[in-house]
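# What the coordinates show
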Amino acid sequence: MLLSLLSTRAWAQAEPPTSRWEIGVVAGGATQQAYPGADENTRGARAVPYLIYRGDRVRLERGRVSVRALRGSTFELDVGTSGALGSSASDVKAREGMPDLGDLIEFGPRLTWNLADREDAGGGRWRLQLPLRGVFDLSDDLAFRGVTFEPEIEFSRRSSWGWRYRASLSAIVGNERFNDLYYEVAPAFVTPTRPAYDAKAGLVAWRLGTSVSRWLTPDWRVSVFARLDHIAGAANRDSPLVLRRSGGAVGIGVQWVFFRSAETAPD
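What you see is a predicted model; the values in this text were computed from it and never measured. (Residues numbered from 1 in each chain as written. Predicted model: local features only at pLDDT ≥ 70, side-chain atom pairs only at ≥ 80, totals over all residues. Heavy atoms only, no water.)

Let us look at the overall build of the chain. The helix and strand inventory of the chain stands at three helices and 13 strands. Counting only residues that meet the buried cut, the chain has 35% of its 267 residues in that class. Within the chain, contacts between residues separated by at least 24 positions form 60% of all contacts whose residues are at least 6 apart in sequence. Carbon and sulfur atoms make up 60% of the accessible area of the chain, which totals about 14900 Å². (Helix = DSSP H or I, 4+ residues; strand = E, 2+ residues; numbered from the N terminus. Buried < 20%, exposed > 50% of the residue type's maximum accessible area, 1.4 Å probe, protein only. Contact = heavy atoms within 4.5 Å. Areas by Shrake-Rupley, 256 points an atom, 1.4 Å probe, with all protein chains shown as cover.)

Structure, rendered in structure tokens:
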């Protein structure tokens, strides 16, 4: 039995078919830079239930809700959401006495260009994603916090052993209102070591990410990720709130599916 579990065939068959409906629980923990340029990290662990629906037009997956407006063999245009967790100013010494960074939700269109897909031949998949989104603060009655643009090129591949590898490179660009969140120091928050600073629109950071995941059984999946952020060429690298040029994040997650539909997703 042990030899059977360790065989390539058994590992490769662990990945279940892509179902239309899926309900489960995902748990994980991570440590990450408080914001690009911060010299302190924040840590956390959570376990939350989730629902996935993969319809022809409406999709709810990977923590995002999207509506496919246009879809072809190479391009896809959808409207969706994304989000980011905030942090308390007391957790970051450079921001002591300043407002907290709230939990954010982003909403807007995303154009995906499938550059190459050779997974059926044992190769990988290349995609370029171009999301443009408005940012709203969940901690402040959905107050508008600006606009972001995050072009990303991604490569993913599934090995014969069932491991899914992913690597991506992206640039985060924000308008002035968004960049004010992280880098502006208003006169009311000036201290002897924190001069006033007026944030500018432009590049926030470069982001290089990688992840590895695998279905251990049809109902259990494990994943780990790592990410590096760097502010080379960033518009606000001279802000007094920028104390480190680079930073990263690492985390691990476990997913348990306790219900999935027999019907498979349309693609």
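What follows picks up the thread again.
So, about the side chain of T112. Assignment of secondary structure puts T112 in strand β6 (residues 104–117). Classification of T112 by relative accessible area gives buried; the value is 6%. The contacts of T112, once residues within four sequence positions are left out, are T74, F75, E76, R127, L128 and Q129.

It is worth spelling out the environment of F107 at this point. Along the polypeptide, F107 turns up in strand β6. In this structure, the C-alpha to C-alpha distance between F107 and G134, residues 27 residues apart in sequence, is 5.3 Å.

This part is about the environment of Y165. Examined against the element boundaries, Y165 turns out to sit in strand β10 (residues 164–174). Accessibility expressed as a relative area gives 36% for Y165, which makes it partly exposed. Separated by 41 residues in the primary sequence, Y165 and G124 place their C-alpha atoms 9.3 Å from one another. Ignoring anything within four residues of it in the chain, the contact list for Y165 reads F155, S156, R157, S159, S211 and V212.

It is worth spelling out the side chain of Q255 at this point. When you line up the elements, Q255 lands in strand β13 (residues 246–260). Looking at Q255, its side chain comes within polar contact range of the side chain of E22, at 3.1 Å. At 2.7 Å, the side chain of Q255 forms a polar contact with the side chain of Y50. Aside from chain neighbours lying at most four places away, what touches Q255 is E22, V25, V26, Y50, W215, D219, W220 and R221. (Polar contact = N/O pair within 3.5 Å; in protein donor to acceptor, adjacent residues only side chain to side chain.)

Applying the stated criterion to the full structure yields twelve salt bridges. In this structure, D137 and R145 form a salt bridge, with 3.2 Å as the shortest nitrogen-oxygen distance. By relative accessible area, which is 5% here, D137 ends up buried. Judged by its relative accessible area of 21%, R145 falls in the partly exposed class. When salt bridges that share partners are traced, they join R127, E152, E154 and R166 into one network. (Salt bridge = Lys/Arg side-chain N within 4 Å of Asp/Glu carboxyl O.)

Looking now at the pairing of β13. The sheet contact formed by strand β1 (residues 21–33) and β13 spans eleven bridges and is antiparallel. What sits directly across from V26, in β13, is Q255. (Pairing = 2+ DSSP bridges.)

Attention shifts here to empty space enclosed by the protein. All chains considered together, the criterion is met by one cavity of 30 Å³ or more. Approximately 30 Å³ is the volume attributed to the largest cavity. Residue lining of the largest cavity: P36, Y183, L203, V204, I231, A234, N236, R237 and V242, and that is the complete set. In terms of residue class, the lining of the largest cavity is built from seven nonpolar, one polar and one charged. (1 Å grid on protein atoms, 1.4 Å probe; cavity = no way out; pocket = protein on both sides within 12 Å on 5 of 7 lines; lining within 4 Å. Points joined across faces, edges and corners; volume = space filled by probe spheres on them. Nonpolar A, V, L, I, M, F, W, Y, C, P; charged D, E, K, R; others polar.)

Next up on the list: the layout of surface pockets. Its volume calculated, the second largest pocket comes out at about 290 Å³. Take the lining of the second largest pocket: its biggest share by element is three residues, from helix α3 (residues 176–183). For the lining of the second largest pocket, the class distribution of residues is seven nonpolar, one polar and seven charged.

To continue, consider the nonpolar core. Side chains that are nonpolar tend, in soluble globular proteins, to be buried together. Core analysis: the biggest nonpolar cluster contains 23 residues, and Y35, L104, F178, Y182, Y183, V204 and L241 have the highest contact counts within it. No other element matches α3, which puts four residues into this core. Apart from residues no more than four positions distant in its own chain, Y35 is found in contact with V92, A94, R95, L101, Y182, Y183 and L241. (Core = buried A, V, L, I, M, F, W, Y, C linked by side-chain atoms within 4.5 Å.)

Read these as spatial facts, not as claims about activity.
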